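Residue strings, one per chain:
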Amino acid sequence: MIINIEPFWGDNRADENAQDFIRGFNHVMAKENDAYMLRQFPNYLHSGSIADEWFDKLAPEDKASWAVLEQQFNTRWPKAMIATKTLAEYKQEIVAKVLKEEQLGTTVMFAGRPVHAHVAWANEMTKLTTEAGVYNGGSQISHEKAEAVRKKKAEAERERAAVEKQLRELETPRTVLSRTLANMTLGTATVAPATGTTLFPAHAQRNTAAAAQGTPCQVTDADCAAFHLCYNTLPQHPATDAGRTAHGAQQCAWVTQHGLGAQVTEHTPYPLRPGTSKVNNGECFRCGISGRDHPGRGHISSNCPKPQDRQLHPNKQQWRAICSNMLREPREVAVRLVVVDDYGTGEEVVGGGDEQGKGEGPSD
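Conventions and cut-offs
Residues numbered from 1 in each chain as written. Predicted model: local features only at pLDDT ≥ 70, side-chain atom pairs only at ≥ 80, totals over all residues. Heavy atoms only, no water. Helix = DSSP H or I, 4+ residues; strand = E, 2+ residues; numbered from the N terminus. Buried < 20%, exposed > 50% of the residue type's maximum accessible area, 1.4 Å probe, protein only. Contact = heavy atoms within 4.5 Å. Areas by Shrake-Rupley, 256 points an atom, 1.4 Å probe, with all protein chains shown as cover. Axes fitted to C-alpha atoms, helices over the stretch in contact; angles between N-to-C directions. Parallel < 35°, antiparallel > 145°, perpendicular 65-115°, else oblique. Left-handed = near helix turned anticlockwise from the far one by under 90°. Nonpolar A, V, L, I, M, F, W, Y, C, P; charged D, E, K, R; others polar. Pairing = 2+ DSSP bridges. Salt bridge = Lys/Arg side-chain N within 4 Å of Asp/Glu carboxyl O. Core = buried A, V, L, I, M, F, W, Y, C linked by side-chain atoms within 4.5 Å. Polar contact = N/O pair within 3.5 Å; in protein donor to acceptor, adjacent residues only side chain to side chain. Arc of directions from axis to C-beta. Phe/Tyr/Trp six-rings, centres within 6.5 Å; stacked < 30°, edge-to-face > 60°. Lys NZ or Arg CZ within 6 Å of the ring centre and 35° of its normal. Expected span 1.5 Å × (residues − 1).

Asker: Would you take a moment to explain the overall build of the chain for this structure?
Answerer: Helix and strand counts for the chain stand at 12 helices and 4 strands. The burial tally for the chain puts 30% of its 364 residues in the buried class. In the chain, the proportion of contacts linking residues at least 24 apart, taken out of those at least 6 apart, comes to 59%. Summing over all exposed atoms, the chain offers an accessible surface of approximately 22900 Å²; the carbon and sulfur share of this is 53%.

Asker: Where do I start with the packing of helix H10 (residues 221-230) against helix H12 (residues 314-327) in this structure?
Answerer: Two quantities define a packed helix pair, namely the angle between the axes and the distance from one axis to the other. At a minimum axis separation of 10 Å, H10 and H12 run at an interaxial angle of 130 degrees. In terms of orientation, H10 and H12 fall into the oblique class. You can see that H10 and H12 cross each other, and the crossing is left-handed. Contacts from Asp-223, Cys-224, Phe-227 and His-228 of H10 reach H12 at Trp-319, Ile-322, Cys-323, Met-326 and Leu-327. Residue classes in the contact of H10 with H12 are distributed as 7 nonpolar, 1 polar and 1 charged.

Asker: Would you explain the pairing of strand S2 (residues 113-116) in this entry?
Answerer: Successive residues of a regular strand alternate their side chains across the two faces of the sheet. Here 4 bridges tie strand S1 (residues 107-110) to S2, and the two strands are oriented antiparallel to one another. Of the residues in S2, the one forming a bridge with Met-109 is Pro-114. Here S1 hands over to S2 after 2 residues, with Ala-111 in that stretch at a positive phi of 55 degrees.

Asker: Please clarify how the pattern of salt bridges should be interpreted in this entry.
Answerer: Side-chain pairs of opposite charge can arise where the charged atoms are in close proximity. Considering all chains together, one arrives at 8 salt bridges under this definition. The salt bridge partner of Arg-244 is Asp-241, with a shortest N-O separation of 3.2 Å. In this pair, Arg-244 and Asp-241 both sit in helix H11 (residues 241-258), 3 residues apart, roughly one turn of the helix. Each of the salt bridges in this network shares a partner with another, and the network as a whole consists of Glu-157, Arg-160 and Glu-164.

Asker: It is not clear to me how the nonpolar core should be interpreted in this structure. Could you clarify?
Answerer: The tendency in soluble globular proteins is for nonpolar side chains to be buried as a group. Counting 19 residues, the largest nonpolar core has Phe-8, Phe-41, Trp-54, Trp-66, Leu-69 and Phe-73 as its most contacted members. Looking at this core, the elements with two or more residues in it are helix H1 (18-28), helix H2 (34-40), helix H3 (50-57) and helix H4 (66-76). Those residues in contact with Phe-41 that sit more than four places away from it in its chain are Phe-21, Ile-22, Phe-25, Trp-54, Phe-55, Trp-66, Leu-69 and Phe-73. Among the nonpolar cores identified, the runner-up in size contains 12 residues, and Phe-227, Trp-254, Cys-323 and Met-326 belong to it.

Asker: Explain the environment of Lys-153 to me, please; I cannot follow it from the model alone.
Answerer: In this fold, Lys-153 is placed in helix H7 (residues 143-170). Residues Lys-153 and Gly-105, 48 residues apart in the sequence, show an inter-C-alpha distance of 5.6 Å.

Asker: What should I look at first to understand the side chain of Ser-290 in this one?
Answerer: Along the chain, the position of Ser-290 falls in the loop between H11 and H12. Judged by relative accessible area, which is 0%, Ser-290 ranks as buried. Polar contacts involving the side chain of Ser-290 include one to the main-chain amide nitrogen of Arg-292, which spans 3.1 Å. Setting aside chain neighbours within four positions, we find Ser-290 in contact with Ser-277, Asn-281, Gly-282, Glu-283 and Gly-298.

Asker: What is the right way to look at H4 in this model?
Answerer: An α-helix turns once per 3.6 residues; consequently, residues spaced three or four apart project the same way. Among the residues of H4, those classed as buried are Trp-66, Leu-69 and Phe-73. An end-on view of H4 places all buried positions within 65 degrees of arc, on one side of the element. Residues Ala-67, Gln-71 and Thr-75 are exposed on H4 and point more than 90 degrees away from its buried face.

Asker: Would you mind showing me how to read the packing of aromatic side chains here?
Answerer: Each aromatic ring pair is characterised by the separation of its centres together with the angle its planes make. By the definition in use, this model includes 15 aromatic pairs. Judged by centre distance (5.4 Å) and plane angle (55 degrees), the ring pair of Phe-8 and Phe-73 falls under tilted. Placement of Phe-8 in the segment before H1 and of Phe-73 in helix H4 is noted, with a sequence separation of 65 residues between them. Residue classification places Phe-8 among the buried residues on the basis of a relative accessible area of 1%. With a centroid separation of 5.2 Å and 75 degrees between ring planes, the pair formed by Trp-54 and Trp-77 is classed as edge-to-face. Of the two residues, Trp-54 sits in helix H3 while Trp-77 sits in the loop between H4 and helix H5 (87-96), which places them 23 residues apart along the sequence. In terms of burial, Trp-54 and Trp-77 fall into one category: buried. In this arrangement the basic side chain of Lys-63 is found over the ring face of Phe-55, its NZ or CZ atom lying 4.2 Å from the centre. The ring of Trp-77 carries the charged tip of Arg-76 above its face, separated from the ring centre by 4.6 Å.

Asker: Just checking my understanding: could you explain H11 for this structure?
Answerer: Here H11 is 18 residues long and its end C-alpha atoms lie 26 Å apart, about the 26 Å a rise of 1.5 Å per residue gives. Gly-243, His-247, Gln-250, Gln-251, Trp-254 and Val-255 are the residues of H11 that are buried. The buried residues of H11 occupy an angular sector of 130 degrees when projected down its axis, which confines them to one face. Structural note: H11 exposes Asp-241, Ala-242, Thr-245 and Thr-256 on the side pointing more than 90 degrees away from its buried face. Phi turns positive, to about 100 degrees, at Gly-259, one or two residues after H11.

Asker: Looking at this model, I keep getting lost on unusual backbone geometry. Mind explaining?
Answerer: Negative phi is the rule for most residues except glycine; trans is the rule for most peptide bonds. Positive phi, normally seen in glycine, also occurs at Asn-12, with a value near 60 degrees. By the secondary structure assignment, Asn-12 is in the segment before H1. Classification of Asn-12 by relative accessible area gives exposed; the value is 66%. One non-glycine residue with positive phi stands out, namely Ala-111, at about 55 degrees. Checked against the element boundaries, Ala-111 lands in the loop between S1 and S2. Its relative accessible area of 74% is what places Ala-111 among the exposed residues.

Below you can see the structure in the form of structure tokens.
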């Protein structure tokens, strides 16, 4: 190991220790003879420094051997005596170092590694009592403290298991909504969800009859105004590691705020999967892909190529359906007329209507 020795000043400056200097010099010169060490020693003293002047004033006999020169150096710059704590000071510090109840079960950094707070406390107490000479080799943690630690750890484990269970259920892709969306196709009557479930919980209940007949639910201006205030409050993150981490945090926050299994409504925006299309962009509700953002990949929900286990979480599907219903512009209704002229010839005329089923409009 190479040791870099800074030239010695000898003026007792705060960043210099005479004993560290002489030890470092001995380490570097360990394989050299006395004559070489005596020749090199003045080269390790700052020119014009107190140490340099001291060396110049030494008598020739003090420079005759390295042992004599080192003894003269130690006499001039003796080892500093470290102030030691008294037993009373140690006892005062030990009594003041209390492990608080709220610290039990927490993690702290000790010796550069994360450890439980009670373990770090015990190590510190062992060090202090050993230095004070009162350590008896017994445990420094009482039975009551140990029992409290076990309870805290058990409680933390239960909370961790509950959070993991919530996350697993949050990512389960099959619910009543996914089965409902699987049966929905463009140009046909909307299949009503199972009893007790609604696709648009707030306003759709007012249009049950209309929905059963296959006609769009009527959204009032007040509904739209309220929806525009909240639908874009959750930012959609990019498809990066950081984006996926932020998206996971959004999902956990949603469950914490609304509860596991809560129904998605126009008043409870749900975070969108990173990398998918924006809402109301003609996307497939099952995978979130729009032909406008991904040319050549547009499709309707009933023809979604994604396997069921890779489709969006039902909450995401429901939120996209809500956004499409609340944000879409009124469409013309396709009308087919048959005109018969004076000669009995029929001609079919098509008027109005949007081009559904091409993957570019909202996929119901």
